[in-house]
Amino acid sequence: MKTKPAKPAATERTLAAIALFAPLGETARKAVESRCRWQTIAAGRPIIDRDSDDTDVYFLVSGRARVVIYSETGREVSFDEIGPGTCVGELAAIDGAPRSASVVALEPTLLASLPRQAFLDAVLANAPAQLGLLKHLAQMVRQATSRIVELSTLGAHNRVYAEILRLAKTGAGGRTTIRPIPAHGDLAARVSTTRETVARVFSDLAKKKIVVREKDQLVVLAPQDLSEMVKDFRQA
């Protein structure tokens, strides 16, 4: 008799992989889970709308989403892409102000959400969650500061270099890769430039054998060289 395969952990309705609640004991975590609303959002659908009065906090159990702002002319400015284990909406839950950015699902995304008061209760009742939230907010400030400096001091090409380094992750065998390969338009929105500029940068880096495309990933062959290119421009 064949047994049914186990459901992948990424699709289980649990907050065990959510960074904010991972340090909690099972009993405390399950108490938070019992107050969550669970839903799957289709790719391209909004999770949060900028300026809305919604104050729920959303936890990505699986899938990916993009944090964006649209200018008055409709231009998309992308701030970040987030994946499993992350949360969004915590700022409105903390201060009660309208949403500061929009969040859109990039693929089918399983979400757990908590109303503002339930989120605050969960955090204030658990010291590890309080520390986790503080670390999360500190990371947001550091990331925002880094981006402000780059926009103020770097040319468009160097901003693309810096973003490639930010997206790259070191995996098995020390290979530094970006998966999936970012679309030129998406990368352009992240660094406030044009897709044509991004295309030229990728072509130039490929000719210099600093990056190479492999199926569904971009391999950064010489991350140190790329880092030096950004550093040299900052010091110029």
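Read on for a plain summary of the structure. Treat the numbers as computed from the prediction; the structure is a model and nothing was measured.

## A short note on the overall build of the protein chain
- For the protein chain, the helix and strand inventory stands at eight helices and twelve strands.
- Radius of gyration (C-alpha) of the protein chain: 20 Å, near the 18 Å computed for a compact globule of 236 residues.
- Projecting the C-alpha coordinates of the protein chain onto the three principal axes gives extents of approximately 55 × 55 × 35 Å.
- Per-residue burial for the protein chain yields a buried fraction of 39% across its 236 residues.
- Relative to all contacts within the protein chain whose residues are 6 or more apart in sequence, the contacts with residues 24 or more apart total 68%.
- When the accessible surface of the protein chain is summed, it comes to about 13200 Å², and 55% of that surface belongs to carbon and sulfur atoms.

## Considering the pairing of strand β8 (residues 109-114)
- Across the six residues of β8, six count as buried, placing the element largely inside the fold.
- Going residue by residue along β8, you find Thr109, Leu111 and Ser113 tucked away on one face and Leu110, Ala112 and Leu114 tucked away on the opposite face as well.
- Two strands pair when backbone bridges link them, and strand β1 (residues 37-41) and β8 are joined in this way by five bridges, in the antiparallel orientation. Residue pairing in the sheet places Thr40 in a bridge with Leu110 of β8.

## A few points about the pattern of salt bridges
- Applying the stated rule across the entire model yields 15 salt bridges.
- Arg35 is the partner of Asp121 in a salt bridge, and the nearest nitrogen-oxygen pair spans 3.7 Å. Of the two residues, Asp121 sits in helix α3 (residues 116-124) while Arg35 sits in the loop between α1 (26-33) and β1, which places them 86 residues apart along the sequence.
- Note on Asp121: relative accessible area 32%, which makes it partly exposed.
- Overall, Arg35 belongs to the partly exposed group, its relative accessible area being 45%.
- Note that Glu163 and Arg166 form a salt bridge whose closest N and O atoms lie 2.3 Å from each other.

## Considering the packing of α3 against helix α4 (residues 127-153)
- Where α3 contacts α4, the two axes come as close as 6 Å, and the packing angle between them is 110 degrees. Taken together, the axis directions place α3 and α4 in an arrangement best described as roughly perpendicular. On the side of α3, the interface is formed by Phe119, Ala122, Val123 and Leu124, while α4 contributes Ala129, Gln130 and Leu133.
- Broken down by class, the residue content of the contact of α3 with α4 amounts to six nonpolar, one polar and no charged.

## Overview of the packing of aromatic side chains
- Counted according to the given criterion, the structure contains two aromatic pairs.
- Through a chain of ring-to-ring contacts, the aromatic side chains of Phe21, Phe59 and Phe119 assemble into a single cluster.

## Observations regarding the environment of Arg35
- C-alpha of Arg35 to C-alpha of Pro115: the two residues are 80 residues apart in sequence and 8.6 Å apart in space.
- Excluding residues within four positions of it along the chain, Arg35 makes contact with Ser113, Leu114, Pro115, Ala118 and Asp121.

Cut-offs and rules
- Residues numbered from 1 in each chain as written.
- Predicted model: local features only at pLDDT ≥ 70, side-chain atom pairs only at ≥ 80, totals over all residues.
- Heavy atoms only, no water.
- Helix = DSSP H or I, 4+ residues; strand = E, 2+ residues; numbered from the N terminus.
- Rg over C-alpha atoms; globule rule 2.2 N^0.38 Å.
- Buried < 20%, exposed > 50% of the residue type's maximum accessible area, 1.4 Å probe, protein only.
- Contact = heavy atoms within 4.5 Å.
- Areas by Shrake-Rupley, 256 points an atom, 1.4 Å probe, with all protein chains shown as cover.
- Pairing = 2+ DSSP bridges.
- Salt bridge = Lys/Arg side-chain N within 4 Å of Asp/Glu carboxyl O.
- Axes fitted to C-alpha atoms, helices over the stretch in contact; angles between N-to-C directions.
- Parallel < 35°, antiparallel > 145°, perpendicular 65-115°, else oblique.
- Nonpolar A, V, L, I, M, F, W, Y, C, P; charged D, E, K, R; others polar.
- Phe/Tyr/Trp six-rings, centres within 6.5 Å; stacked < 30°, edge-to-face > 60°.

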